[in-house]
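Each chain, written out:
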Amino acid sequence: MYLFLAIFFSTLPFLWLFTQVSIMGSFTAAFANIAGLVGVVLMMWQIILGNRFIVRNLTRDYVSMIKLHIFLGIYSLFLVLAHPFLEMISYGKTFTFLLIPDLSSELGSHVALGIVAIYLYLFVWLSSALTRDKISYRIWRYLHYLAYPMLFFAFIHAVEIGTFLSSFILLKAYFIILMVGFAAAVLYRFSQLLDVGKFPYVLSSKKQSSTGVTAYTFRPMAISLTPKIGQFFFIKPSVFAESHPFTVMNFVEESGELTFGIKAVGKFTNQLEGISVGQTVFLDGPYGVFTSEAHNNKPKVIIAGGIGITPFVELVSRFGDQNTKLFYANKYLKEAVSREQFKAQLGANYFDVISREEIKTETVIQGRLNEQVFTQNLTADFIKQANFFICGSPGFMGGVLMSLHKLGIDKKRIFTEEFSF
Ligand SMILES: Cc1cc2nc3c(=O)[nH]c(=O)nc-3n(C[C@H](O)[C@H](O)[C@H](O)COP(=O)(O)OP(=O)(O)OC[C@H]3O[C@@H](n4cnc5c(N)ncnc54)[C@H](O)[C@@H]3O)c2cc1C
């Protein structure tokens, strides 16, 4: 809420320009200008919200910040595109004005900077809003970095063209402050490559198991970071490596040791399997607020799919009681992580849900999780009162959410974490 207000207030100096339309001669020209300036402010917010090193100074709820970043990214399109289209109309030009930069005049070259910014914007927008799940995560991510040159060109374009900014000195000062803020954000981003704000840890143990998940335990080399249950860290295995997010499965307060359960699914997680005990990695975090509503003895239903169990391992150890029901879905029984521990801690309140094999020797729920599974295993009162915590793949979570919707569970009682941004 505060952030929405901050975003709104940051656009106010430009929205005020609606009272100054007469300076521009026409409403179209004025609106074109205002759309461009407000668009730049919103892009600036996207840069801020997408940078966890900036955001973590405001909140640990990085996932919500990413959601807001996505929301702004998708919907600011209309404003950003309104700018060139209205400019085209107010200059009395045709579509070639937007498509082909005219470098023969000074004005034309200033406009060209804006056209480049719009092309980059469209590139980032299309790769995120339309083809995000059709291209590889890495390609998408590198395309996303085009947002930095895009904003650079947009800033220079606005200052060179001037218009409203040339008429109001205070507005220009505000715009220059935004540019300085952007330069600081870029520098801050580069400083991350040098591991500023990350903490060295050493791999103290690595245990592979038949579940296909490897448990990595890291010991702090200097500063010990203290996560809350359900929080995650970004792990960077070496100076020039990528960093990826993983949830803490276990934290030992005395030694500061953090254990992560990691499933090898791609390039990074497979390379991680190659690190050896004694090797130094860099961690940053903790981030996240998932399960914070479960750190109590109130009735809770935990629903995990595959590796989505990690946020719940420590939660069940600390807060698992007769009011805790855990449904753990896997294709094969051998994939269930910490199964024996859950059975010991929760007894009959722990349910395996197995979809790809028939188990005759154990009591498991065969098939997929659906509303019947919940109604058969939970009392109506429990369903009415409990909070629901879900983590797993997007497909799994979609199915579970649909079942909970059919059971009439209020959205306010459902808490989720997706293992992908
Ligand atoms: C908040 C959070 C907590 C997580 N906790 C765990 C955990 O405890 N255990 C575990 O095994 N996995 C966890 N993951 C998933 C883990 O981060 C990805 O599986 C891993 O980054 C995949 O990288 P890759 O190169 O091996 O595979 P890729 O094939 O590159 O990626 C597979 C998928 O993982 C996601 N992904 C890849 N890179 C990133 C990234 N840098 N940031 C966010 N998502 C990414 C994408 O959706 C991608 O499609 C978590 C993810 C998030 C967002």
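Residues numbered from 1 in each chain as written. Predicted model: local features only at pLDDT ≥ 70, side-chain atom pairs only at ≥ 80, totals over all residues. Heavy atoms only, no water.

A. Structural detail: the sheet that holds strand 12 (residues 414-418). In spatial order, the strands read 10-9-8-7-11-12; together these 6 strands make up an open sheet with parallel pairing. With partners counted over all chains shown, the strands left at the sheet margins are strand 10 (365-366) and strand 12, one partner each. As judged from the 5 bridges shared by strand 8 (residues 324-330) and strand 9 (residues 350-354), these two strands associate in the parallel manner. Of the residues in strand 9, the one forming a bridge with L326 is Y350. Helix-sheet contacts for helix 13 (residues 310-319) involve strand 7 (300-305), strand 8 and strand 11 (387-392), and the interaxial angle to strand 7 is about 150°. Running over the sheet, helix 17 (residues 394-406) touches strand 7, strand 8, strand 11 and strand 12 and is turned about 155° from strand 11. (Pairing = 2+ DSSP bridges. Helix = DSSP H or I, 4+ residues; strand = E, 2+ residues; numbered from the N terminus. Contact = heavy atoms within 4.5 Å. Axes fitted to C-alpha atoms, helices over the stretch in contact; angles between N-to-C directions.)

B. How the structure looks around the packing of aromatic side chains. On inspection of all chains with the given rule, the structure shows 33 aromatic pairs. Relative to F234, the ring of Y62 has its centre 6.1 Å away and its plane inclined at 75°; by these criteria the two rings are edge-to-face. On the criterion of sequence distance, the pair formed by Y62 in helix 5 (residues 62-91) and F234 in strand 3 (residues 232-236) is long-range, its members being 172 residues apart. Here Y62 matches F234 in class, with each residue buried. Cluster of aromatic residues (ring-pair linked, three or more members): F14, Y148, F155, Y174, F175 and F182. (Phe/Tyr/Trp six-rings, centres within 6.5 Å; stacked < 30°, edge-to-face > 60°. Buried < 20%, exposed > 50% of the residue type's maximum accessible area, 1.4 Å probe, protein only.)

C. Broad picture of the domain arrangement of the protein chain. The domain boundaries assigned to the protein chain delineate domain 1 (2-193), domain 2 (199-287) and domain 3 (297-418). A straight line from the C-alpha centre of domain 2 to that of domain 3 covers 25 Å. Counting residues at the interface gives 13 residues for domain 2 and 13 residues for domain 3. Here domain 2 and domain 3 share 0 salt bridges between them. At the boundary of domain 2 with domain 3, the tally comes to 0 residue pairs in polar contact (both at pLDDT 80 or more). Of all elements in the fold, only strand 4 (244-252) and strand 5 (257-263) reach the threshold of two or more residues within the side of domain 2 that touches domain 3. Per element, the largest residue contribution to the side of domain 2 that touches domain 3 is 5 residues, and it comes from strand 4. (Domains from an automatic or database assignment. Salt bridge = Lys/Arg side-chain N within 4 Å of Asp/Glu carboxyl O. Polar contact = N/O pair within 3.5 Å; in protein donor to acceptor, adjacent residues only side chain to side chain.)

D. Inspection of the site of the ligand at higher detail. Surrounding the ligand, one finds 24 residues, the nearest of these being R138, H244, P245, T269 and S420. In the environment of the ligand, an oxygen atom lies 3.1 Å from a nitrogen or oxygen atom belonging to the backbone of T247. A distance of 2.7 Å separates an oxygen atom of the ligand from a polar atom in the side chain of S420. The protein chains hide 86% of the 860 Å² of surface that the ligand would expose on its own. If you list the elements that add at least two residues to the shell around the ligand, you get helix 8 (137-144), strand 4, strand 5, helix 12 (267-272) and strand 12. Of the residues forming the shell around the ligand, the biggest block, 4 residues, is contributed by strand 4. Of the residues in the shell around the ligand, the class split is 10 nonpolar, 8 polar and 6 charged. (Near = heavy atom within 4 Å. Areas by Shrake-Rupley, 256 points an atom, 1.4 Å probe, with all protein chains shown as cover. Nonpolar A, V, L, I, M, F, W, Y, C, P; charged D, E, K, R; others polar.)

E. Region of interest: a nonpolar patch on the surface. Taken together, the side chains of M1, Y2, L5, F8, F9 and L12 define a hydrophobic patch exposed on the protein surface, amounting to about 710 Å² of accessible area. Note on placement: L12 falls in helix 1 (residues 2-15). Residue classification places L12 among the partly exposed residues on the basis of a relative accessible area of 32%. (Patch = residues over 30% accessible without salt bridge, like charges linked within 9 Å, V, L, I, M, F, W, Y side chains within 5 Å.)

F. Summary view of the side chain of S10. Inspection of the secondary structure puts S10 in helix 1. What makes S10 buried here is its relative accessible area of 12%. In terms of polar contacts, S10 uses its side chain to reach the backbone carbonyl oxygen of I7, at 2.6 Å. In this structure S10 touches V41, W45 and Y174, once residues within four positions along its chain are discounted.

G. Broad picture of helix 11 (residues 169-193). Relative to the 36 Å expected for 25 residues at 1.5 Å per residue, helix 11 spans 37 Å between its end C-alpha atoms, a close match to the ideal helical length. When helix 11 is considered as a whole, its buried residues turn out to be L171, F175, L178, F182, A185, S191 and Q192. Of the residues flanking the end of helix 11, it is D195, one or two places downstream, whose phi is positive at about 70°. (Expected span 1.5 Å × (residues − 1).)

H. Looking closely at the pattern of salt bridges. One pass over the structure, following the stated rule, counts 10 salt bridges. Close ionic contact of E340 with R339 constitutes a salt bridge, the shortest N to O distance being 3.7 Å. Of the residues examined, E340 reaches a relative accessible area of 54% and is grouped as exposed. Note that E371 and K406 form a salt bridge whose closest N and O atoms lie 3.5 Å from each other. Separated by 35 residues along the polypeptide, E371 in helix 15 (residues 371-377) and K406 in helix 17 bring together distant segments of the chain. Here E371 falls in the buried class, since its relative accessible area comes to 17%. Residue K406 is classed as exposed on the basis of its relative accessible area, which comes to 56%. When salt bridges with common partners are traced through the structure, they connect R52, R56 and D284 into a single cluster.

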